[in-house]
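Descriptive analysis of the structure
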Amino acid sequence: MTDPDQPGGQPVGTDQPGAQEPTAAPPAGLWDRMRDDPQYAPEHLALEAVRRLGPEARAWAESTRASQPGLDRDALAQLATRKFVARARLSGAVSGAAGLPGAVIDVGVLAWTQARMVLHIAAAYGLDPQHPDRATDLLVLQKVHKVAETARLALGVAAGRERAGSLFRGSRTPLRQAVLRLSVRLAKMAGVRAAKRVFAKVIPGAAIILGTWANSSATSDLARRTVALYAPRAIAAPPQRQP
C-alpha cells in the first residue's frame with residue numbers, strides 16, 4: 001500500500017526522514033497572516049489546513065480503503081495516528097533555521113502536522129475533512145477554545161483579518177514581541193504546555209527543535225481526543241465515496 005501524499009508513493013507508515021512534501025510546513029501566505037495577526041494565528045492555521053489538507057485527507061482515506069478493503073474505521077484511524085505521530089517526532093528538523101524565527105517555525109510545523117492528523121482521522125471515520133466544521137473541531141481538540149461556539153466566532157473574525165506582509169518583515173509590531181506572541185499561540189495550539197521548554201526556544205543560544213518526546217506525546221494525546229470525538233459520530237456518518 002502506498003501513501004499518496006508522498007512523491008513516488010512511499011509505503012504508509014514508512015516515511016523517509018529526508019523526504020520533502022509540499023504540505024510538510026505551513027505555506028508562506030499562512031505564515032504572513034499569522035505573523036501579522038498572532039492573536040488569531042491558530043484560527044488562521046485551522047482555516048488554511050481545512051482548505052489545503054482536507055482534499056489530501058479525503059484522497060488518502062479513499063485510496064487506503066480501496067487498497068485494503070478489510071480495514072475498518074478504527075484501524076484506518078490508527079494508521080493515520082501512527083503516521084503523523086512519527087512525523088511529529090521529526091517536525092523540528094523541517095525548520096532548519098536558527099534563532100527566533102526557527103523557534104516559531106518549529107512549533108508551527110508541529111501544529112500543521114497535528115492538523116493533518118486530525119483531518120486524516122476525520123476522513124477515516126467517514127466525516128468530510130473539507131467541511132468548515134473541521135476547522136472548529138481543530139480549535140476545540142487542540143484546546144485553543146473550550147467550546148465550538150467560541151471557536152466558530154473566532155474563525156469568523158480571523159477570516160476577515162488577513163493582511164499582506166512577509167514573514168518577520170513589514171510588521172508594525174516590534175520583531176521580538178511579534179515572535180513571542182506567535183510562538184506562544186502556536187505552542188499552545190500544538191499542545192506544548194511546558195513553559196520552560198517553550199520559552200527556551202526564544203532565548204538566543206537555546207535549542208530550537210522541540211524534543212522528540214514532547215512532540216510525539218502532545219500529538220498522541222491529540223490523537224486520543226480526536227478518536228474520542230469522531231468515533232461516535234462515525235456510527236451515523238455515511239462512508240466515504242469509493243474511487
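Structure's up top.
Residues numbered from 1 in each chain as written. Predicted model: local features only at pLDDT ≥ 70, side-chain atom pairs only at ≥ 80, totals over all residues. Heavy atoms only, no water.

**Quick notes on the nonpolar core**
Across soluble globular proteins, you tend to see nonpolar side chains buried next to one another. Core analysis: the biggest nonpolar cluster contains 55 residues, and M34, L45, I121, L186 and Y230 have the highest contact counts within it. At the level of secondary structure, the elements contributing two or more residues to this core comprise α1 (28-36), α2 (41-67), α3 (73-95), α4 (99-124), α5 (133-141), α6 (148-159), α7 (175-189) and α9 (212-234). The element that contributes the greatest number of residues to this core is α4, accounting for 15 residues. Sequence-distant contacts of I121, that is, excluding residues within four places in its chain, are made with A77, A80, T81, A223, T226, V227 and Y230. (Core = buried A, V, L, I, M, F, W, Y, C linked by side-chain atoms within 4.5 Å. Buried < 20%, exposed > 50% of the residue type's maximum accessible area, 1.4 Å probe, protein only. Helix = DSSP H or I, 4+ residues; strand = E, 2+ residues; numbered from the N terminus. Contact = heavy atoms within 4.5 Å.)

**Let's talk about α6**
Spacing of three or four residues puts side chains on the same side of an α-helix, whose turn is 3.6 residues. When the terminal C-alpha atoms of α6 are compared, their 16 Å separation across 12 residues agrees well with the 16 Å that a helix rising 1.5 Å per residue should span. Among the residues of α6, A151, A154, L155 and A158 are the ones counted as buried. Down the axis of α6, the sector holding all buried residues measures 105 degrees, keeping them to one side. In this structure, α6 carries E149 and L153 as exposed residues pointing more than 90 degrees from its buried face. Looking at the packing, one finds that the buried side of α6 touches α2 and α5. (Expected span 1.5 Å × (residues − 1). Arc of directions from axis to C-beta.)

All we've got here are geometric facts, nothing functional implied.
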